[in-house]
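Coordinates in review
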Amino acid sequence: MTTTATTVAMAEEPTGGPVREARTTAVPVTPRARRVVRPLLAPDLLIRSGVVVLVAGFALIALAWGQSAGESQVYRQLPYLLSAGVVGLAMVMVGVALATAGTRIRDADEQRRQMAELAQVLTEVRVALEEGSGS
Amino acid sequence: MTVRTQRMHPALITSLVILAAAVVVSFSIFWLSWRGAAREQDVARQVPFVISGGLGGLAIVGASLGLLLTQVRRWLDALAAADLRDVIASARALLDVVAGDEPGEAGHGPR
């Protein structure tokens with residue numbers, strides 16, 4: 001396990017106070033964890049896997065219903081409730097969370113692209129103004 | 001320029017890994033509770049497995065996923081705020097040129 005010092009840009013104070021430029025913290029994190037987490041945050045991968053897990057969860061719930069409907073004793077129905085019903089419900093929750101995270105990351109990518117474009121336009125306007133005033 | 005190429009705070013990675021592990025662990029809890037309940041032939045003895053393993057596991061899944069989404073949202077919000085700060089800095093530099101000041105002369109702090 002290694003210790004990595006990372007500079008984190010902080011948001012502007014909502015009260016209009018001074019901007020905290022950066023905060024340097026040292027939190028232990030393994031490079032392996034970093035390598036594992038980063039590819040998993042691909043929006044398309046998150047959305048597709050979320051939909052797959054979601055459909056699988058509903059299929060498990062249907063399976064639990066089908067199996068428990070064939071039993072007449074409650075004590076034989078409860079294991080189906082636990083193995084397929086509850087797990088299916090949990091998988092539906094996981095699927096929704098994965099798809100939500102994927103769409104949010106995709107939206108953030110688009111927002112970042114637009115912000116970068118806006119900053120670029122402002123820079124070009126400034127350069128044009130400087131060249132105009134210099135000639 | 002995508003979100004994934006940005007530097008991630010180690011605490012963010014740690015929390016994402018821990019919360020994802022909690023989700024995986026809760027599925028192990030489901031398996032344990034199913035195994036325990038399937039062994040019993042008395043409903044009164046199965047219900048505790050349903051409550052502890054089933055509902056408890058579901059609570060862990062729900063709480064972990066909620067926190068995980070919150071962490072992702074906070075991370076994206078921080079990136080958006082950093083982008084916005086860059087745009088504000090560019091606008092200030094532009095304003096300095098329009099006002100006839102040297103870029104950076106008027107300072108870059110909030111006005």
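Please refer to the structure placed before this passage.
What comes next is a walk through the structure. The structure presented is a predicted model; accordingly, all values stated were derived computationally and were not measured.

**Description of the interface of chain B and chain A**
Counting from both sides, the interface comprises 56 residues of chain B and, opposite them, 55 residues of chain A. A buried area of about 4800 Å², summed over both sides, lies between chain B and chain A, and 77% of it is on carbon and sulfur atoms. Linking chain B to chain A there are one salt bridge. A salt bridge links aspartate 83 of chain B to arginine 112 of chain A, with the shortest nitrogen-to-oxygen separation between them at 3.1 Å. Applying the counting criterion to the chain B and chain A interface returns two residue pairs in polar contact (both at pLDDT 80 or more). For the side of chain B that touches chain A, the secondary structure elements donating two or more residues are helix H1 (10–39) and helix H2 (43–99) of chain B. At 29 residues, the largest contribution of residues to the side of chain B that touches chain A is made by H2 of chain B.

**A look at helix H2 (residues 43–69) of chain A**
With 27 residues, H2 of chain A ought to run about 39 Å at 1.5 Å a step, and its terminal C-alpha atoms sit 39 Å apart, in line with that. Listed in full, the buried residues belonging to H2 of chain A are Pro43, Leu46, Ile47, Gly50, Gly57, Ala64 and Ser68 of chain A.

**Digging into a nonpolar patch on the surface**
On the surface, a nonpolar cluster with roughly 310 Å² of combined accessible area is contributed by Val121, Val125 and Leu129 of chain A together with Val98 of chain B. Per element, the largest residue contribution to the nonpolar patch is three residues, and it comes from helix H3 (residues 74–134) of chain A. Mapped onto the fold, valine 125 of chain A is located in helix H3.

**Re the side chain of glutamine 46 of chain B**
Residue placement: glutamine 46 of chain B occurs in helix H2. The buried category is assigned to glutamine 46 of chain B, whose relative accessible area is 0%. Not counting the four nearest positions on each side in its chain, glutamine 46 of chain B is found in contact with Val74, Tyr75, Leu78 and Pro79 of chain A together with Ala37 and Glu40 of chain B.

**Quick notes on the environment of leucine 16 of chain B**
The topology assignment puts leucine 16 of chain B in helix H1. On the basis of relative accessibility, which here comes to 8%, the residue leucine 16 of chain B falls in the buried class. For the pair leucine 16 of chain B and leucine 69 of chain B, spaced 53 residues apart in sequence, the C-alpha separation works out to 9.3 Å. Residues contacting leucine 16 of chain B, with those up to four places away along its chain left out, are Val37 of chain A together with Met8, Leu68, Gln71 and Val72 of chain B.

**Looking at the environment of leucine 82 of chain A**
Of note, leucine 82 of chain A is situated in helix H3. For leucine 82 of chain A and alanine 64 of chain A, which are 18 residues apart along the polypeptide, the C-alpha to C-alpha distance reads 8.7 Å. When sequence neighbours within four positions are dropped, the list of residues in contact with leucine 82 of chain A reads Val87 of chain A together with Ser33, Trp34, Ala37, Phe49, Val50 and Gly54 of chain B.

**As for the side chain of histidine 9 of chain B**
Residues and elements named next belong to chain B. Note on placement: histidine 9 falls in the segment before H1. Judged by relative accessible area, histidine 9 falls into the buried class, the value being 14%. From its side chain, histidine 9 meets the backbone nitrogen of alanine 11 in a polar contact 2.8 Å long.

**Focus on the pattern of salt bridges**
On inspection of all chains with the given rule, the structure shows eight salt bridges over all chains. Residue glutamate 71 of chain A is joined to arginine 76 of chain A by a salt bridge in which the shortest nitrogen-to-oxygen separation is 2.8 Å. For arginine 73 of chain B, the salt bridge is made with aspartate 77 of chain B, and the minimal N-O distance between the two is 3.4 Å. With a gap of four residues between them, arginine 73 of chain B and aspartate 77 of chain B both fall in helix H2, about one helical turn apart. On the accessibility criterion, arginine 73 of chain B (37% relative accessible area) is partly exposed.

How each quantity is defined
- Starting from 1, residues in each chain are numbered consecutively following that chain's sequence as written.
- Labels follow written order: the first chain is A, the first ligand is 1, and so on.
- Per-residue local features of the predicted model are confined to residues with pLDDT of at least 70, and side-chain atom pairs are confined, for both listing and counting, to 80 or more; whole-chain, interface and lining totals are unaffected and use all residues.
- Calculated side-chain values reflect all of the structure's heavy atoms, with hydrogen atoms and water omitted.
- Residues count as neighbours in contact if any of their non-hydrogen atoms are within 4.5 Å of one another.
- Accessible area, probed at 1.4 Å, shrinks when two parts are joined; the buried area is that loss added up over both.
- Salt bridge, as used here, is a side-chain nitrogen of Lys or Arg placed within 4 Å of a carboxyl oxygen of Asp or Glu.
- Polar contact criterion, stated in full: a pair of N or O atoms within 3.5 Å, where within protein one must be able to donate a hydrogen and the other to accept it, and residues adjacent in sequence count only if both atoms are side-chain atoms.
- Numbering of helices and strands runs from the N terminus; a helix is a DSSP stretch of H or I covering at least four residues, while a strand is a stretch of E covering at least two.
- The span you would expect from a helix comes to 1.5 Å times its residue count less one.
- Burial classes: relative accessible area under 20% of the type maximum marks a residue as buried, over 50% as exposed, and values in between as partly exposed (1.4 Å probe, protein chains only).
- Within the patch definition used here, like charges are joined within 9 Å and nonpolar side chains (Val, Leu, Ile, Met, Phe, Trp, Tyr) within 5 Å, considering only residues with over 30% relative accessible area and no salt bridge.
- For the area figures, the Shrake-Rupley method with a 1.4 Å probe applies, and any residue is considered shielded solely by the protein chains shown.

In short, the description is geometric, and any link to function would need to be established separately.
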